[in-house]
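Summary of structural features
Chain by chain, the residues:
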Amino acid sequence: MLRKSILTVLVSMALISCAGTAPATGASGQTTAPQKFAFGLWGDMPYKKAGDDVKLPAVLHSINQSDIAFSMYDGDIKDGSSKCTDDVYTDALKMFGSMKKPVVYVPGDNEWTDCHRLNNGGMDPLERLAHLRRMMYATPMSLGQTQMALEHQGKPGEKFVENTRFLHGGVMFVAINMPGSNNNLVLNAKSCSNKSARKAAQCDAANAEYLERDSANVTWMSASFAQAKAQNALGLVLMVQGDPGFDLPETEDMDESQAPGVSGYRHFMSQLVQQTEQFKGQVLFVHGDTHYFKLDKPLYNPGKVLPNLTRLQTFGSPSLHWVRVTVDPAASQIFQVHPVTVEQAKN
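A short tour of the structure in this document, coming up. This structure is a prediction, so every number in the text was calculated from the model and none was measured.

Describing the overall build of the chain
Counting its secondary structure elements, the chain contains seven helices and 16 strands. Relative to its 347 residues, the chain shows a buried fraction of 53%. Long-range contacts, defined as pairs at least 24 residues apart, comprise 74% of the intrachain contacts of the chain with a sequence gap of at least 6. Within the structure as shown, the chain displays about 14,600 Å² of accessible surface, and the carbon and sulfur contribution to it stands at 55%.

Structure (structure tokens):
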């Protein structure tokens, strides 16, 4: 999805408060406290049409030289106005293969949902999603030179394999395929055919796919929260690609979260609220799609805070930077968010 205009960019260095921490049990049977660690967040790059290819190496080098345990990539391995040919996915695998630490990838709209666009080659999004699942999730392991095992909702290459989770350092990490472009929900005949090669039957198939995947996503999220509770997780990090739309505090007479263009996210987000309310730990909700770093508490609404949920929106093209998150189980605020601005080599 192309970058949406926003009224304000909140660049907050606020630390995220957390509920009480739980001890872990070591191999000897003795109780040991989880150790401090860091992980990285990045996505929405490279966009070749924005000239990102020359910027990307500095970002990869910055992440590779850091002390993170792993990184998570929140979708969009190409720009939204280029063809969805097979080389897009093989190039992405090469990019992730250059990373020293494990990489957890979740799909973005540019690599499947938007492939119906004429300037994307007029390809079938559902065929591209099937191809993406086979290419990017061929094994149960993460991507990267050093790999780690992930739990998947589906079998390798099959439906919902892209929905993953793993426990690290007392925190549950969950990745879910919820992309931009309204989560693949087609609202009407006009949006179906606008600048698109789609026919009515393909849009009907897209909406059927949306309903099936949305149900699977909610099931995976709910099960992940249940597992986090069972394992006394300190917190839960949930990553998707799409910006689900939030009510902005600057527009008192308008609730942007109710706009038709983000209606495909409302069911999932309502369930996320319920799960967060029943979770004692802190929830860090991570997404890309809008390309501006933002850290805030947009739920329930601008006037009423859901205290244990924080939204982190990552950088994206043409601002090629990343975000480092430190998890400190000994601190009262376990998630500490640090945007990392990457200096580019001067010509």
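Focus on the state of the cysteines
Counted under the stated rule, the structure contains two disulfides. Sulfur-sulfur distance for the disulfide between Cys84 and Cys115 comes to 2.1 Å. The sign of the -95 degrees torsion about the S-S bond sets the Cys84-Cys115 disulfide as left-handed. Here Cys84 is found in the loop between strand S4 (71-73) and helix H2 (86-97), whereas its partner Cys115 is found in the loop between strand S5 (103-105) and helix H3 (125-136), with 31 residues between them in sequence.

As for the pairing of strand S3 (residues 37-42)
In terms of burial, S3 is a largely internal element, six of the six residues being buried. Note on the crossover from S3 through helix H1 (residues 56-64) to S4: the handedness is right-handed.

Thoughts on the sheet that holds strand S8 (residues 171-175)
Taken in spatial order, the seven strands line up as S6-S7-S8-S9-S10-S14-S11 in an open sheet, and their pairing is mixed. Since the sheet does not close on itself, it has two edges, and those belong to strand S6 (151-152) and strand S11 (294-296), each with one partner. Relative to strand S14 (residues 309-313), S11 runs antiparallel, the two being bridged by three bridges. What sits directly across from Asp296, in S14, is Arg311. The strands that helix H6 (residues 200-230) touches are S6, strand S7 (164-168), S8, strand S9 (235-239) and strand S10 (282-287); relative to S8, the one it contacts most, it runs at about 170 degrees. Helix-sheet contacts for helix H7 (residues 266-277) involve S9, S10 and S14, and the interaxial angle to S10 is about 155 degrees.

Brief notes about the pattern of salt bridges
If the charged atoms of two oppositely charged side chains come close together, the side chains can form a pair. If you walk through the whole model with that rule in mind, you get 10 salt bridges. A salt bridge links Arg324 to Asp67, with the shortest nitrogen-to-oxygen separation between them at 2.8 Å. You can see Arg324 sitting in strand S15 (residues 322-327) and its partner Asp67 sitting in the loop between H1 and S4, a full 257 residues away along the chain. Judged by relative accessible area, Asp67 falls into the exposed class, the value being 53%. Here the salt bridges do not stand alone but share partners, grouping Asp86, Glu127 and Arg128 into one network.

Comments concerning the sheet that holds strand S16 (residues 335-340)
Strand order in this open sheet of five strands is S5-S4-S3-S15-S16, and the pairing throughout is mixed. Lying at the two open borders of the sheet, with one neighbouring strand each, are S5 and S16. The sheet shows a mean angle of 20 degrees between the axes of neighbouring strands, direction not considered. With six bridges connecting them, S15 and S16 associate as antiparallel partners. Along S16, the bridge assignment pairs Val325 with Val337.

Cut-offs used in this document
- Residues numbered from 1 in each chain as written.
- Predicted model: local features only at pLDDT ≥ 70, side-chain atom pairs only at ≥ 80, totals over all residues.
- Heavy atoms only, no water.
- Helix = DSSP H or I, 4+ residues; strand = E, 2+ residues; numbered from the N terminus.
- Buried < 20%, exposed > 50% of the residue type's maximum accessible area, 1.4 Å probe, protein only.
- Contact = heavy atoms within 4.5 Å.
- Areas by Shrake-Rupley, 256 points an atom, 1.4 Å probe, with all protein chains shown as cover.
- Disulfide = S-S within 2.5 Å.
- Right-handed = clockwise from strand over helix to strand, strands pointing away.
- Pairing = 2+ DSSP bridges.
- Axes fitted to C-alpha atoms, helices over the stretch in contact; angles between N-to-C directions.
- Salt bridge = Lys/Arg side-chain N within 4 Å of Asp/Glu carboxyl O.

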